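# Summary of structural features
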Amino acid sequence: MVNVKVEFLGGLDAIFEKQRTYKLNVEGPDGSTVTVGDLIDYIVQNMIKNDKDKEVFIENDTIRPGILTLINDTDWELEGEKEYVLEDGDIVSFTSTLHGG
Amino acid sequence: MSFTPPSDPRKPKVVKVTQLCELCHARKALIKRPKNLQKICKLCFFHVFETEIHNTIVSNKLFERGEKVAVGASGGKDSTVLAYILKLLNERHDYGINIVLLSIDEGIVGYRDDSLATVKRNQIQYDLPLEIVSYRDLYNWTMDEIVACAGIRNSCTYCGVFRRQALDRGAAKLGIKHVITGHNADDMAETVLMNILRGDVARLEKSTAIITQSSGSPIKRSKPFKYAYQKEIVLYAHYKKLDYFSTECTYAPEAFRGTARELMKNLEAVRPSCILDIIHSGENLRLKPKRLKRAPPPSHVEVRSDGSVSIQRLNGFVDGNRCDRCGYLSSNKICKACMLLEGLEKNRAKVSLEKDTSVEGAARLTRTLEKLAF
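A brief structural summary. Since we're looking at a predicted model, the values are computed, not measured. (Residues numbered from 1 in each chain as written. Chains lettered and ligands numbered in written order. Predicted model: local features only at pLDDT ≥ 70, side-chain atom pairs only at ≥ 80, totals over all residues. Heavy atoms only, no water.)

### Notes on a nonpolar patch on the surface
Residue and element names in this part refer to chain B. Together, Leu 197, Phe 256, Leu 263 and Leu 267 line one region of the surface with nonpolar side chains, adding up to about 330 Å² of accessible area. With 3 residues, helix H10 (residues 255-270) is the single largest residue contributor to the nonpolar patch. Mapped onto the fold, Phe 256 is located in helix H10. Exposure remark for Phe 256: the relative accessible area of 34% places this residue in the partly exposed category. (Patch = residues over 30% accessible without salt bridge, like charges linked within 9 Å, V, L, I, M, F, W, Y side chains within 5 Å. Areas by Shrake-Rupley, 256 points an atom, 1.4 Å probe, with all protein chains shown as cover. Salt bridge = Lys/Arg side-chain N within 4 Å of Asp/Glu carboxyl O. Helix = DSSP H or I, 4+ residues; strand = E, 2+ residues; numbered from the N terminus. Buried < 20%, exposed > 50% of the residue type's maximum accessible area, 1.4 Å probe, protein only.)

Structural data, given as structure tokens:
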């Protein structure tokens, strides 16, 4: 079980009931550690109400290209992407870069 | 609509040597630059990003001292970062330019009204003057009315043609000869790809120019973000907590551009440098010069299928012609915007007769139509 804050920015809040930040309690599959991959599964299963919106968020089982994922303001590519083990107080933000300028 | 800035993570953690910034070797690297895969920290990122924009501006001689420039401000990420950075660089490097924000109000309820609210906040945050030009004032039509009349499919065609003119007219009204837009590297690579995929050879060569100006037009346009990645612009806005608006336009986005964008995002995921590579290819593309058409006999007048007539040209194509109706730059007798407007007005007259809705807009249009003489 881990307490994290999740943010949906750059227009992504549109598929999360227009709310930009959420505080979540996420349970890992084996009960011990929770990875960002688990968090993404949790978001897709519990937070995206409309099935059609799922493809806005994920593609080929990962975050869709064009969405910027930051773990504590660090590009998740530098943190091991889905393998990163979450700790209490972590902030994970998803920002869409695809909207107009 | 108010602005909620992204939260600040609070955790100082033990940083491994391999996680350090490749430039300063002192702070933890936060981002991996798409153009060269360099891992750098927040402060070094601000520094290199701003410096690269400065270098683009200087090496392309975009500005002249004392020049008044208009930033095409939509309230979106690109133009917000552009306004912020131009103001910053102007102060830091003393370009000696006067910056004005210029916004276009297309009249799209639930989209442009919200984004204009953002621009109005930016005006205060950056202390820059703001001018808003609306489609309603210029054309007596809002985009909402146009879509109701012409359908959602053509919305981008109308909006694009009208916006180009509107920016020029807004700039002219302010006595400004230089409009700066926030087009970034992704936009430009997308356009190059689109032109290639469509075989639009005429546009292909010009599509990567950093400064564009039609001959005869007093207004030039430039794109200082030509080499800036969308990802870095969004990161910059995120770290600086800039207040920008991010919702897709209510009307269907241009379908083909969407496909090209998707293709590019997927390419970028595999090979991030491809965006700059596409621009580089576009810049170095030289087309074979066109064969000259045999000139028609001097008395020959071509009548097109829509009944319009091409104007007499002395030596082939003459740039800098003006539209007969509105005086805007046009290669034809009537400019594209006036053509579209004419089509719309025929339609609206019919609609208002059928429904007899004497709303203010329709009534005003009928009066204008009555005065029109062809």
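From this point, the narrative continues.
### Structural notes on the sheet that holds strand S7 (residues 211-212) of chain B
Residues and elements named next belong to chain B. Strand order in the open sheet formed by 6 strands is S5-S4-S3-S6-S8-S7, and the pairing between neighbours is mixed. The open sheet has two edge strands with one neighbour each: strand S5 (130-134) and S7. Bridge count for S7 against strand S8 (residues 220-222) is 2 bridges, and the pairing is antiparallel. The partner of Thr 212 across the bridge, within S8, is Arg 221. On the sheet, helix H3 (residues 112-126) packs against strand S4 (98-105) and S5 and is oriented at approximately 165° with respect to S4. The strands touched by helix H6 (residues 155-173) are strand S3 (68-72), S4, S5, strand S6 (178-180) and S8; relative to S4, the strand with the most contacts, the crossing angle is about 140°. (Pairing = 2+ DSSP bridges. Contact = heavy atoms within 4.5 Å. Axes fitted to C-alpha atoms, helices over the stretch in contact; angles between N-to-C directions.)

### Section: the pairing of S4(B)
All names here are of chain B. With 6 of 8 residues buried, S4 lies mostly within the body of the structure. Judged from the 5 bridges that link them, S3 and S4 form a sheet pairing that is parallel. Bridge pairing in S4 places Val 69 opposite Ile 99. Note on the crossover from S3 through helix H2 (residues 77-93) to S4: the handedness is right-handed. Across 5 bridges, the pairing between S4 and S5 is parallel. Note that in S5 the partner of Ser 103 across the bridge is Ile 132. In the classification by handedness, the crossover that spans S4, the intervening H3 and the parallel S5 is right-handed. (Right-handed = clockwise from strand over helix to strand, strands pointing away.)

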